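In case you want the letters, here they are:
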Amino acid sequence: MEFSDSSTNHHPLVTVIIPTYGREEPLRDSIADVLNQNYPNFEVLVVDQSPTHQADIQSYLEELAAKDKIKWFRLSWASLPGARNYGVRRSAGEIIIFIDDDVKLTPDYISNHVKNYLQNPEIGAVAGRVFDRMKLGESKGEFEIEYLPPEAMNPGIAWYHIDLVHTIKPQQVLSARGCNMSFRREIFTKYGLRFDERFRGSAVREESDFCLRFRQTGYKIWYDPEACLVHLGEETGGCHDISMRSLKYQFTFYHNHFLMAMKNLTANQALRLYARLFDCHVLGRPPCHKSGSPIKVLTRGIFYILGFFNALGTVIQSLWDDGQIYSRLDQESITKSSESLVISR
């Protein structure tokens, strides 16, 4: 995608933020694809929460950082929303793109995001298409959607109708997928939005929560199927506990859904979400297709109830604690560094 020289925003600076945890070759390949973009004005921030790396990956990252091809930040904690916020605070771009650390990009990926902002000032966020390896495998690549149904714009049930894998036409959407989304910088500066660091574990629904709050800005979230990437969905690594069989995943999965609902939905919308969540994820009915074993249903039901009360506790606690613990740690470290600099002078 080429932009005309007459554009007043000719090639605005773009920041690409890559949170990462426990990834090696997929991270290296993802960074290589970003550096191979045909867009001429961008920076790459790697927010690295991995305790260690393989020797060759460590050398690769060190070399790129030394040559100023990436900005590489090493952190001692792991939180996906926390990593996003950390990257935003260190970004300089007019447009901020978030991708995962296990993706494949074409050279015009950044350009396809940027064109939407230049063409329509009402667009404040772009949701890109995600060629999800697992979901495409289930549909055998033969299923396509032109336009999402009206239910996909209802916050109570949209999460069972938004399909950014198979949809082929540009259109307004309710939410983006965290592995492929971008925003105007002013969403974070003028409107002060931040990712909620209380979304734990897999951080499922953290981007949904952000996008629901984003709607208050008056901007649109625009789905562009040309702003696409391939999401590998690696079974290990990532800024969360990826194992769906783990107790931690099950607990935080329900907590995060209920937290999103309690923060953003009306009573009617929340009840619809709770009902669909129970029907699909507890009882295992379509589209979840989970085991109907009484023991497994009972187990999922227990996590459902525990998740609800835990989310309720999180909301009550927010009366005196906003839960942005990683952002506070970062701000404290910045303050201490500034004080040390003043003393040294």
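Residues numbered from 1 in each chain as written. Predicted model: local features only at pLDDT ≥ 70, side-chain atom pairs only at ≥ 80, totals over all residues. Heavy atoms only, no water.

A. Highlighting helix 2 (residues 55-66). In a regular helix each residue adds 1.5 Å, so twelve residues correspond to 16 Å; helix 2 covers 16 Å between its end C-alpha atoms and thus fits that length. Every buried residue of helix 2 is listed here: Ile-57, Gln-58, Tyr-60, Leu-61 and Leu-64. Considered in projection along helix 2, the buried side chains sweep an arc of 160 degrees and stay on one side of the axis. Opposite its buried face, helix 2 presents the exposed residues Ala-55 and Ala-66, each directed more than 90 degrees away. Along its buried surface, helix 2 packs onto helix 1 (25-35), strand 2 (42-48) and strand 3 (71-74). Phi turns positive one or two residues past the end of helix 2, at Asp-68, with a value near 60 degrees. (Helix = DSSP H or I, 4+ residues; strand = E, 2+ residues; numbered from the N terminus. Expected span 1.5 Å × (residues − 1). Buried < 20%, exposed > 50% of the residue type's maximum accessible area, 1.4 Å probe, protein only. Arc of directions from axis to C-beta. Contact = heavy atoms within 4.5 Å.)

B. Here's a closer look at the state of the cysteines. One pass over the full model with this rule turns up one disulfide. Note that Cys-280 is cross-linked by a disulfide to Cys-288, the S-S spacing being 1.7 Å. Judged by the torsion about the S-S bond (100 degrees), the Cys-280/Cys-288 disulfide is right-handed. For Cys-288, a relative accessible area of 22% gives the class partly exposed. (Disulfide = S-S within 2.5 Å.)

C. Focus on the pairing of strand 6 (residues 123-132). A large share of strand 6 lies buried, amounting to nine of its ten residues. The pairing of strand 6 with strand 9 (residues 220-231) spans eight bridges and is classified as parallel. Bridged to Ala-127 within strand 9 is Tyr-223. Alignment of strand 6 against strand 8 (residues 180-184), held across three bridges, turns out to be antiparallel. Within strand 8, the residue paired with Val-126 across the bridge is Ser-182. (Pairing = 2+ DSSP bridges.)

D. A look at the pattern of salt bridges. What the rule picks out here adds up to 20 salt bridges. Where Asp-101 meets Arg-23, a salt bridge forms, and the shortest distance between an N and an O atom there is 2.3 Å. Note that Asp-101 is positioned in the loop between strand 4 (95-99) and strand 5 (103-104) and Arg-23 in the loop between strand 1 (14-20) and helix 1, a separation of 78 residues in sequence. For the pair shown, Asp-101 and Arg-23 are each scored as buried. (Salt bridge = Lys/Arg side-chain N within 4 Å of Asp/Glu carboxyl O.)

E. Broad picture of helix 7 (residues 206-214). Burial within helix 7 is extensive, with nine of its nine residues counted as buried. Residues of helix 7 that are buried: Glu-206, Glu-207, Ser-208, Asp-209, Phe-210, Cys-211, Leu-212, Arg-213 and Phe-214. Where the residues of helix 7 are buried, they touch helix 3 (80-89), strand 6, strand 8, helix 6 (186-189), strand 9 and helix 8 (247-264).

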